[in-house]
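The chain contents come next:
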Amino acid sequence: MRFCYADPPYIGTAERIYGDHPDYQGEVNHRELIAMLHKDYPDGWALSLSAPTLYEILGYCHEVGADVRVGAWVKPWSVWKDKNVAYAWEPLIWEGGRKRDWKVRSTALDWCIDNAVMYRKNDPNHTKGTKPDKFCFWLFDVLCMEPDDEFVDMFYGSGAVTKAWERWKAMPHFWRSNTACSGRLDSSAQQSNLFTDGNLPSKARGATRRR
Ligand SMILES: C[S@@+](CC[C@H](N)C(=O)[O-])C[C@H]1O[C@@H](n2cnc3c(N)ncnc32)[C@H](O)[C@@H]1O
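Bear in mind that the values here come from a model prediction, so they are computed numbers and not experimental data.

Caption draft 1: Spatial organisation of the nonpolar core. Grouped together as the largest cluster of nonpolar side chains are 37 residues, with contacts concentrated most on A46, I93, L139 and L143. Looking at this core, the elements with two or more residues in it are β1 (2-6), α2 (30-40), β2 (44-48), α3 (54-64), β4 (89-96), α4 (133-142) and α5 (160-170). Counting residues per element, this core draws most heavily on α4, which supplies seven residues.

As structure tokens, then:
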């Protein structure tokens, strides 16, 4: 099966945040992006977006008849500017996905908890919005992906999602299907080399240890 994950700049933020990045190509047209995802990826796709734009994005999904679900990436540690009520979670919407054989694969959850990552130390562009490993493993589980699936990481950025996909594919089936998802991944496993490439910011690493 063929799946796509789209992690574009949030609506209206591309130039301000990514204007000097080599892959910057102007503001992303989210209406066209969703129409394309819905048409070109019938097996399944997922899109990251900001909470304030959820209503607008769901409107675009409705326009093309995309039957999406909404999941939540909750961030115990993140950077926020709003001093009233922080935006400390991020929606993930998805459509489709493999039908799960729950006899061999645990039910996925529609939420995931992991700290935000500022940027990857081996990423020369210091891509903002890079995704942590646990989020990626949750994404693969939500779409019920299998190692021989084709995976399109449409907004590559630091490459964190593609690299997590390569690591996830190499995991034994048991870990992939039972621990590499949302709340089931405990902090000791999260800190092992298998589950993280060690790019959590020091503050976040401390927060993880204290949980
Ligand atoms: C949220 S980041 C992706 C982060 C990536 N998933 C990761 O984990 O590192 C969005 C990426 O899209 C790029 N970008 C910005 N505007 C774009 C455009 N119009 N078309 C394609 N990519 C664009 C940015 O430079 C950035 O690398």
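From this point on, the discussion continues.
Caption draft 2: Spotlight on the confidence of the model for the protein chain. Residues at a pLDDT of 70 or more form 83% of the protein chain, whose mean pLDDT is 86. In the predicted structure, residues 186-211 sits below a pLDDT of 50 and forms 33 contacts with residues beyond four places in sequence or in another chain.

Caption draft 3: Structural view of the site of the ligand. Neighbouring the ligand are 20 residues, the closest being Y18, H21, G129, G157 and S158. Elements represented by at least two residues in the shell around the ligand include exactly α1 (14-18) and α5. When its residues are assigned to classes, the shell around the ligand shows nine nonpolar, eight polar and three charged.

Caption draft 4: Looking closely at the pairing of β1. Here β1 pairs with strand β6 (residues 150-153) via four bridges, running parallel. When the bridges of β6 are listed, Y5 appears paired with D153. Here three bridges tie β1 to β2, and the two strands are oriented parallel to one another. Counted as the bridge partner of A6 is L47 from β2.

Caption draft 5: A look at the packing of α4 against α5. Packing of α4 against α5 brings their axes to within 9 Å, and their N-to-C directions diverge by 65°. Taken together, α4 and α5 sit at an angle that is classed as roughly perpendicular. Read as a crossing pair, α4 and α5 show a hand that is right-handed. Residue-level contacts link D133, C136, F137 and F140 of α4 to V161, A164, W165 and W168 of α5.

Caption draft 6: Molecular detail of the environment of C4. Position of C4 relative to the elements: it lies in strand β1. Taking the number of C-beta atoms within 10 Å as the measure of exposure, C4 has 19 and is therefore partly exposed. C4 sits 149 residues away from D153 along the chain, and the two C-alpha atoms are 6.1 Å apart. Leave out the neighbours within four places in its chain, and C4 touches L37, Y41, W45, V152 and M154.

Caption draft 7: Geometry of α3. What α3 keeps buried is the set I57, Y60 and C61. On an axial view of α3, the arc spanned by its buried residues comes to 100°, and they lie on one face. Across from the buried face of α3, at angles greater than 90 degrees, the exposed residues are Y55, G59, H62 and E63. G65 lies just past α3 and shows a positive phi near 75°.

Thresholds applied
- Residues numbered from 1 in each chain as written.
- Predicted model: local features only at pLDDT ≥ 70, side-chain atom pairs only at ≥ 80, totals over all residues.
- Core = buried A, V, L, I, M, F, W, Y, C linked by C-beta atoms within 7 Å.
- Buried ≥ 20, exposed ≤ 12 C-beta atoms within 10 Å, placed from the backbone.
- Helix = DSSP H or I, 4+ residues; strand = E, 2+ residues; numbered from the N terminus.
- pLDDT = per-residue confidence, 0-100.
- Contact = placed C-beta atoms within 7 Å.
- Near = placed C-beta within 6 Å.
- Nonpolar A, V, L, I, M, F, W, Y, C, P; charged D, E, K, R; others polar.
- Pairing = 2+ DSSP bridges.
- Axes fitted to C-alpha atoms, helices over the stretch in contact; angles between N-to-C directions.
- Parallel < 35°, antiparallel > 145°, perpendicular 65-115°, else oblique.
- Left-handed = near helix turned anticlockwise from the far one by under 90°.
- Arc of directions from axis to C-beta.

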